[in-house]
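# Coordinates in review
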Amino acid sequence: MAAAARCARGLGLPRAGHGISVLTAAPSVLLQHRQVHHAVIPHGRSGRSSVSGIVATVFGATGFLGRYVVNRLGRIGSQVIIPYRCDQYDLMYLRPMGDLGQLLFMEWDCRDKDSIQRAVQHSNVVINLIGKEWETKNFRFEDEFVNIPQSIAQISKEAGVEKFIHISHLNANMKSPSKYLRNKAVGEKMVREEFPDAVILKPSEMFGREDRFLNHYANMRWFGGVPLISLGKKTVKQPVYVVDVAKAIINAIKNPDAKGKTYALAGPHRYLLYDMVEYIYTVSHHPFIPYPLPRPLYHLVARFFEMNPFEPWLTRDKVERFHTTDMTFPDLPGFEELGIEPTPLEQKAIEVLRRHRRFRWLDAELEEVKPKTQPM
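The rules behind each value
Residues numbered from 1 in each chain as written. Predicted model: local features only at pLDDT ≥ 70, side-chain atom pairs only at ≥ 80, totals over all residues. Heavy atoms only, no water. Phe/Tyr/Trp six-rings, centres within 6.5 Å; stacked < 30°, edge-to-face > 60°. Helix = DSSP H or I, 4+ residues; strand = E, 2+ residues; numbered from the N terminus. Buried < 20%, exposed > 50% of the residue type's maximum accessible area, 1.4 Å probe, protein only. Lys NZ or Arg CZ within 6 Å of the ring centre and 35° of its normal. Pairing = 2+ DSSP bridges. Axes fitted to C-alpha atoms, helices over the stretch in contact; angles between N-to-C directions. Contact = heavy atoms within 4.5 Å.

Under the criterion given, the structure shown has 16 aromatic pairs. Here F223 and F305 contribute two aromatic rings whose centre-to-centre distance is 5.9 Å and whose plane-to-plane angle is 80 degrees, an arrangement assigned as edge-to-face. One end of the pair, F223, is in the loop between α6 (214-219) and β10 (226-228); the other, F305, is in helix α9 (residues 295-305), with 82 residues separating them in the sequence. In this structure F223 comes out as partly exposed when scored by relative accessible area, which is 46%. With a relative accessible area of 18%, F305 lands in the buried category. For the ring pair Y274 and F288, a centre distance of 5.4 Å and an interplane angle of 65 degrees mean the geometry is edge-to-face. Taken together, the residues Y274 in helix α8 (residues 273-283) and F288 in the loop between α8 and β15 (290-292) connect sequence positions 14 residues apart. A relative accessible area of 18% means that Y274 is categorised as buried. What links up through ring pairs into an aromatic cluster is the set F223, F304, F305 and W313. The ring of F195 carries K157 above its face, with NZ or CZ at 5.0 Å from the centroid. Taking the ring centre of Y180 as reference, the NZ or CZ of R321 above it sits at 4.4 Å.

Turning our eyes to something else, we now look at the sheet that holds strand β13 (residues 262-265). Strand order in the open sheet formed by 7 strands is β5-β4-β3-β6-β7-β8-β13, with parallel pairing between adjacent strands. Every interior strand has two partners, whereas the edge strands, β5 (103-107) and β13, have only one. Each strand of the sheet is rotated relative to its neighbour by a mean of 20 degrees, with strand direction disregarded. Where strand β6 (residues 125-128) lies against strand β7 (residues 163-167), 4 bridges are found, and the strand directions are parallel. Across the sheet, residue V126 finds its bridge partner in β7, namely F164. Contacts from helix α3 (residues 113-120) reach β3 (55-59), β4 (79-84), β5 and β6, with the element oriented near 145 degrees to β3. Helix α5 (residues 179-194) rests against β7, β8 (199-203) and β13 of the sheet, and its axis sits at about 170 degrees to β7.

Below, the structure written as structure tokens:
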């Protein structure tokens, strides 16, 4: 009898009893063509201690966007498999994001297909967030954005994964001067070929507490000013809040109509690069000293930073990427189709920039100053 009741709950059938209201379990978000374990049948009230029915493998979970995605998945009671290659201490901040036993960490080798197979074989969702802003002697942009995503998409398709979500870039283009963006474009094509129903998200430059965008420009004050190609007056940016992108990933998982679509995710406002950087220094209470720097000379300075054997603060490719005007895609769906209202830069910039203020301005109120916006 108890077994029958459990089956009824798993199938979403009503169960009534004396003094108990009729409850129905929400149907599984994702329908698998494999045997479904009782542990992943949705049950419980919403929250980290419930079970959403989502079992997600998140590649690149230790990165900037990854921590927000894992947190969102854990918040709704999902089981998350996190393949990693980093040190154990780099995973510590992820561990509290899910209930006991809901976050599973496993070492993996991105060039070993058996390792990828083990990471996705029990999942109904696979999310690819792999990427770095610079190349190393072991991993070029072709590996990070083309070869590895292609292998993951291929193996996920063979394993019967229901939803595959791939993160690209808004400015991904085969003709871009940035090698980063060119390989992002090739990666989109390869993923679409291997997994035709993949959901591809194209966010613009993301900002948040740990970003390398607003913090990058704020830290330039240590060099006596902010070098900008053409003073930043020929570049238009449309940055997006990282939490909005994480929400978009979760909503794409839940939305059955998202299969096979490509979403362009950008912030609600467009800014001249000059105006945006000026706003960064206004909020952080530092003098804004811009100066024009020719592209060849900027590349020479970046080449010096590339000699850093660890994480280079600046690269030639980053110079090109940050001085590329954000593209617009009126024909592609965006945040609205995923039920999200994008957050403007002015609303969340203080969260990122407060740490750059001097002590006397640390608790100062945010002044009513906003960057000039450009027409959409």
